[in-house]
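What the coordinates show
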Amino acid sequence: GARPSFYGEGEFYIVKTKDVSIQGRYLGTSYTAGLAATNKIAVGGSFLHGHTITVGSLDSGDIMVDGVAVPELKEFPSFYRLHSDAIITYDSNGHLVDQATERWDRRVVHMDLPNNVKITVMRWTNYIDLRISMQNDMTIDGACGNFNDDPSDDSAEAVYSRLGVHVPSGENLFNHRADLDFTMTEQKLLEICSEAKAAEAHEACMKELSGLNGAPENPVERHMCVLEHCFGANEHALRMAKRLGFAPQLAQRL
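Presented here is a report on the structure given in the accompanying data block. (Residues numbered from 1 in each chain as written. Predicted model: local features only at pLDDT ≥ 70, side-chain atom pairs only at ≥ 80, totals over all residues. Heavy atoms only, no water.)

**Description of the sheet that holds strand β11 (residues 128-133)**
Our working rule: Only when DSSP finds a minimum of two bridges between them are two strands counted as paired. A run of DSSP states H or I qualifies as a helix once it reaches four residues; a run of E qualifies as a strand once it reaches two. Both are numbered from the N-terminal end. A fitted line through C-alpha atoms serves as each axis, taken over the contacting stretch for helices, and the angle formed by two N-to-C directions is quoted from 0 to 180°.
Pairing in this open sheet of 5 strands is antiparallel, and the strands run β7-β8-β9-β10-β11 from one edge to the other. Of all strands in the sheet, those with a lone pairing partner are β7 (78-83) and β11, marking the two edges. Within the sheet, the average angular offset between the axes of one strand and its neighbour, ignoring direction, is 10°. Inspection of the sheet shows strand β10 (residues 117-123) paired to β11 by 6 bridges, in the antiparallel sense. Its bridge partner lying in β11, I119 is registered against I132.

**Quick look at the nonpolar core**
Let me state the cut-off plainly: Nonpolar core, defined: a set of buried Ala, Val, Leu, Ile, Met, Phe, Trp, Tyr and Cys residues in which side-chain atoms within 4.5 Å join the residues together. Only protein chains enter the accessibility calculation, which uses a 1.4 Å probe; a residue whose area is less than 20% of its type maximum is buried, one above 50% is exposed, and one in between is partly exposed.
By size, the foremost hydrophobic cluster in this structure holds 50 residues, and its most contacted members are V43, I53, M111, L113 and I119. Listed in part, the 7 residues of the second largest apolar core include L96, V108, W124 and Y127.

**Overview of the packing of aromatic side chains**
Here a ring pair, both rings aromatic, is described through the centre-centre distance and the interplanar angle of the planes. The following threshold applies: Under the pairing criterion, centres of Phe, Tyr and Trp rings, with the six-membered ring standing for Trp, must be within 6.5 Å; the plane angle then separates stacked pairs below 30 degrees from edge-to-face pairs above 60, leaving the rest tilted. Only Lys NZ and Arg CZ are tested; either one counts as a charge over a ring when it is within 6 Å of the ring centre and within 35 degrees of the ring normal.
Summed over the entire model, instances satisfying the criterion amount to 3 aromatic pairs. When the centroid spacing of 5.4 Å and the interplanar angle of 65° are considered together, the rings of W104 and W124 count as edge-to-face. Note that W104 is positioned in the loop between β8 (86-91) and β9 (108-113) and W124 in the loop between β10 and β11, a separation of 20 residues in sequence. The burial state of W104 is the same as that of W124; both residues are buried. For the cation-ring pair, R25 lies above F174, with the distance from its terminal atom to the ring centre recorded as 4.5 Å. The ring of F76 has R107 lying over it, and the distance from NZ or CZ to the ring centre is 3.9 Å.

**So, the state of the cysteines**
Inclusion rule: Cysteine sulfur atoms that pair up within 2.5 Å are treated as a disulfide.
Within this structure, the stated rule accounts for 2 disulfides. Each sulfur of the disulfide joining C193 and C230 lies 2.1 Å from the other. Linking C193 and C230, the disulfide has an S-S dihedral of approximately -80° and is accordingly described as left-handed. Here C193, found in the loop between α2 (184-191) and α3 (195-209), pairs with C230, found in helix α4 (residues 219-231); they are 37 residues apart in sequence, far enough to count as distant. For C193, a relative accessible area of 11% gives the class buried.

**Details of the packing of α3 against α4**
Note the threshold: Any angle between 65 and 115 degrees counts as roughly perpendicular, while under 35 counts as roughly parallel, over 145 as roughly antiparallel, and the rest as oblique. Each crossing gets its handedness from the near helix: less than a right angle anticlockwise from the far helix is left-handed, clockwise is right-handed. The contact criterion used throughout is that any non-hydrogen atoms of two residues lie within 4.5 Å. Under this grouping Gly is polar, as are all residues other than the nonpolar Ala, Val, Leu, Ile, Met, Phe, Trp, Tyr, Cys and Pro and the charged Asp, Glu, Lys and Arg.
Between α3 and α4, the least distance of the axes is 9 Å, while the angle of their chain directions is 130°. Considered as vectors, α3 and α4 are oriented oblique to each other. The handedness of the crossing between α3 and α4 comes out as right-handed. Across the interface between the two elements, K197, A198, A201, H202, A204, C205, M206, E208 and L209 of α3 pack against E221, R222, C225, V226, H229 and C230 of α4. When grouped by side-chain class, the residues that make up the contact of α3 with α4 number 9 nonpolar, 2 polar and 4 charged.

Spelled out as structure tokens, the structure:
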């Protein structure tokens, strides 16, 4: 499929099927000059029998089940059995998603879950990398795509048209919504979006966000929606922002 990028903040569907919900909270970091990286994921749905597992960056707090920190997983390495077919292991093993991180100490969460769903989360200081393995039940959608062998409908815009920009309030697995911010880097990227593309994006976002979740339109959410429409197909928006001088001198990646 395609490899869309999501640069705005908030809660998004990474994977959504009729039984499985994997949601990501994307937040800006100092390393990414305010462009969003995955800060935390929440895993739920009927396949987990009503439970929710939340794993985030090292800065974001403890590994949680049903909104409560799991005492067993505060130790490292450690192991926790949620029920007979849901096991969480916390150790330093696992193949890295990003080889640039190999110089750091590994803190890896392995979730072996029902329906042969396997999720590996590499916890870094202020963001996470993750790998998901699961069967395609033909109802799959989200940021990972819909796996219908048609990459043209895996773009950020196509995903938004099917699922909305952010996870609706009634479906949000996190215990609260993240406070949205719109950074100077994001604003400058918007300013170089072509006039035609920006007009098209504004029109699409007005439709997508109008009355979303029964709430008034959020200006920050609208800006982020336009940013996604303009740059969602760009895998290296941060690299471009640095090249154009939009991103300030960044601190060493932690």
